[in-house]
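Residue-level listing of the chains:
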Amino acid sequence: MSTIAPIFVGGAPRSGTTLVRAILNAHPDIACGPELRAFPALARLYKETVATVGPTLEAHYIFNADELKASFRGLMASFLEPFHERSGKRFVAEKTPANALYFRELHKLFPESRFVHVVRDPRDVVASLIKMDWRDEKSGERLPITASIKGAALGWRDHVAAAHAARGAGAPVFDLHYERLVAAPAETIANLFKFLGVPPSDEPLSHHRTFVPDDGENETSARAVTRPLNADAVGRWRREFSRSQINEIEALAGPLINECGYERAGDP
């Protein structure tokens with residue numbers, strides 16, 4: 001069985017996951033390449049396989065649960081091992097926003113791994129998402145998460161709820177708030193590295209100097225990450241949404257908006 005234990009980064013799209021990737025990769029001990037997108041699909045397949053054919057595999061094909069887990073773990077690790085070895089760094093990380101939806105399954109496959117959940121105000125996430133023209137490759141239709149305020153808000157809720165559930169199930173999950181990161185970068189990044197068990201470093205504070213935006217084919221915010229940390233995008237929802245739209249987002253986000261430390265601004 002592979003001994004690799006990746007650091008997994010996830011969070012609702014447009015929460016700042018690409019920025020966190022750049023920060024991690026700037027650390028002398030961590031290699032974090034462009035968004036891969038493979039692991040959420042494989043984690044989902046693992047979950048479905050266990051639920052639907054796990055008993056049949058064990059009863060009739062002499063293939064038990066531990067062997068099934070080892071097969072998925074080995075396949076997923078094989079995607080990262082060449083990149084990890086080439087980097088020469090101690091640790092490897094993988095950032096895909098949808099990882100957060102499967103932190104629980106990823107923890108089962110990689111129990112030694114640590115998980116970074118990037119959290120951002122849902123109203124700012126929605127403001128950013130509805131400006132994205134992300135489309136289904138088969139139908140050509142806009143993805144639900146970008147097609148409406150409702151779809152974007154529910155996308156935020158689902159990612160956050162899944163990450164919180166994984167923590168409740170025992171996964172070591174660190175909530176990294178975008179607003180804290182841009183307001184107090186040195187302190188926030190130091191807390192992140194302490195959680196990850198790596199020594200402090202000043203290099204991630206200058207991540208923009210080494211970040212290569214063209215490396216990330218799936219990263220729509222890559223160009224913004226080439227700038228120094230700033231709070232320009234914090235609170236944009238106050239300028240861009242009406243009172244009724246704010247009420248809608250806050251209602252859809254539900255109790256999670258308060259659990260994540262954000263205050264409601266809409267009407268009761």
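As the structure is a prediction and not an experimental result, all values here were calculated from the model.

Chemist: Residues and numbers for helix α12 (residues 243-253), please.
Modeler: The set of residues buried in α12 consists of Ile-246, Ile-249, Glu-250, Leu-252 and Ala-253. Each buried residue of α12 lies within a common arc of 165° when the element is viewed along its axis, so the set occupies one face. For α12, the exposed residues set more than 90 degrees away from the buried face come down to Ser-244 and Ala-251. Elements in contact with the buried residues of α12: α6 (122-129), α8 (149-168), α11 (237-240) and α13 (256-259). A positive phi of about 65° marks Gly-254, the residue just after α12.

Chemist: I'd like a rundown of the side chain of Thr-146, residues and numbers included.
Modeler: Following the sequence through the fold, Thr-146 ends up in helix α7 (residues 144-147). For Thr-146, a relative accessible area of 0% corresponds to the buried category. Here Thr-146 is in contact with Leu-129, Ile-130, Met-132 and Trp-134, once residues within four sequence places are set aside.

Chemist: A description of the pairing of strand β1 (residues 7-10) should follow, citing residues and the corresponding values.
Modeler: The alternating pattern of β1 places Ile-7 and Val-9 on one face and Phe-8 and Gly-10 on the opposite face, and all of these are buried. Judged from the three bridges that link them, β1 and strand β3 (residues 91-95) form a sheet pairing that is parallel. Bridge pairing in β3 places Val-9 opposite Lys-95. Taken together, the four bridges between β1 and strand β4 (residues 114-119) define a ladder with parallel strand orientation.

Chemist: Account for the packing of aromatic side chains, with residues named and values stated.
Modeler: In the structure shown here, the tally under the stated rule is seven aromatic pairs. Ring centres of Phe-8 and Phe-110 lie 5.6 Å apart, and the angle between their planes is 55°; this geometry places the pair in the tilted category. Highlighted residues: Phe-8 in strand β1 and Phe-110 in the loop between α5 (103-109) and β4, separated in sequence by 102 residues. Residue Phe-8 shares its accessibility class with Phe-110, and that shared class is buried. A connected cluster of aromatic rings, assembled from ring pairs, spans Phe-8, Phe-39, Phe-79, Phe-103, Phe-110 and Phe-115. Just above the ring of Tyr-178 sits the side chain of Arg-120; from NZ or CZ to the centre is 4.8 Å. Between Arg-123 and the ring centre of Trp-237, over which it is positioned, the NZ or CZ distance is 4.1 Å.

Chemist: Outline the side chain of His-107, supporting the account with residue identities and numerical values.
Modeler: The topology assignment puts His-107 in helix α5. Judged by relative accessible area, which is 18%, His-107 ranks as buried.

Chemist: Could you give an account of helix α4 (residues 65-87), naming the residues involved and the relevant values?
Modeler: For α4, spanning 23 residues, the distance from its first C-alpha to its last is 33 Å, which sits close to the expected 33 Å at 1.5 Å a residue. Along its length, α4 reaches its greatest deviation from straightness, about 35°, at Leu-80, and the proline Pro-82 lies no more than four positions downstream. Burial in α4 covers these residues: Leu-68, Phe-72, Arg-73, Met-76, Ala-77, Leu-80 and His-84. Close packing links the buried residues of α4 with α2 (38-52), α3 (54-60), β3 and α5. Just past α4, the residue Gly-88 takes up positive phi, approximately 75°.

Chemist: Any chance you could break down the packing of α6 against α12 for me, citing the residues and the numbers?
Modeler: Interhelical geometry of α6 versus α12 gives an angle of 115° and a closest axis separation of 10 Å. Classed by the angle they form, the pair α6 and α12 counts as roughly perpendicular. Note that α6 runs across α12; the crossing there is right-handed. Residues Pro-122, Arg-123 and Val-126 of α6 form the contact with α12, whose own contacting residues are Ile-246, Ile-249, Glu-250 and Ala-253. Here the contact of α6 with α12 is composed, by residue class, of five nonpolar, no polar and two charged.

Procedures and definitions
- Residues numbered from 1 in each chain as written.
- Predicted model: local features only at pLDDT ≥ 70, side-chain atom pairs only at ≥ 80, totals over all residues.
- Heavy atoms only, no water.
- Buried < 20%, exposed > 50% of the residue type's maximum accessible area, 1.4 Å probe, protein only.
- Helix = DSSP H or I, 4+ residues; strand = E, 2+ residues; numbered from the N terminus.
- Arc of directions from axis to C-beta.
- Contact = heavy atoms within 4.5 Å.
- Pairing = 2+ DSSP bridges.
- Phe/Tyr/Trp six-rings, centres within 6.5 Å; stacked < 30°, edge-to-face > 60°.
- Lys NZ or Arg CZ within 6 Å of the ring centre and 35° of its normal.
- Expected span 1.5 Å × (residues − 1).
- Bend = angle between axes of the 7 residues up to and from the residue.
- Axes fitted to C-alpha atoms, helices over the stretch in contact; angles between N-to-C directions.
- Parallel < 35°, antiparallel > 145°, perpendicular 65-115°, else oblique.
- Left-handed = near helix turned anticlockwise from the far one by under 90°.
- Nonpolar A, V, L, I, M, F, W, Y, C, P; charged D, E, K, R; others polar.

Functional significance is not addressed by these values, which are geometric in nature.
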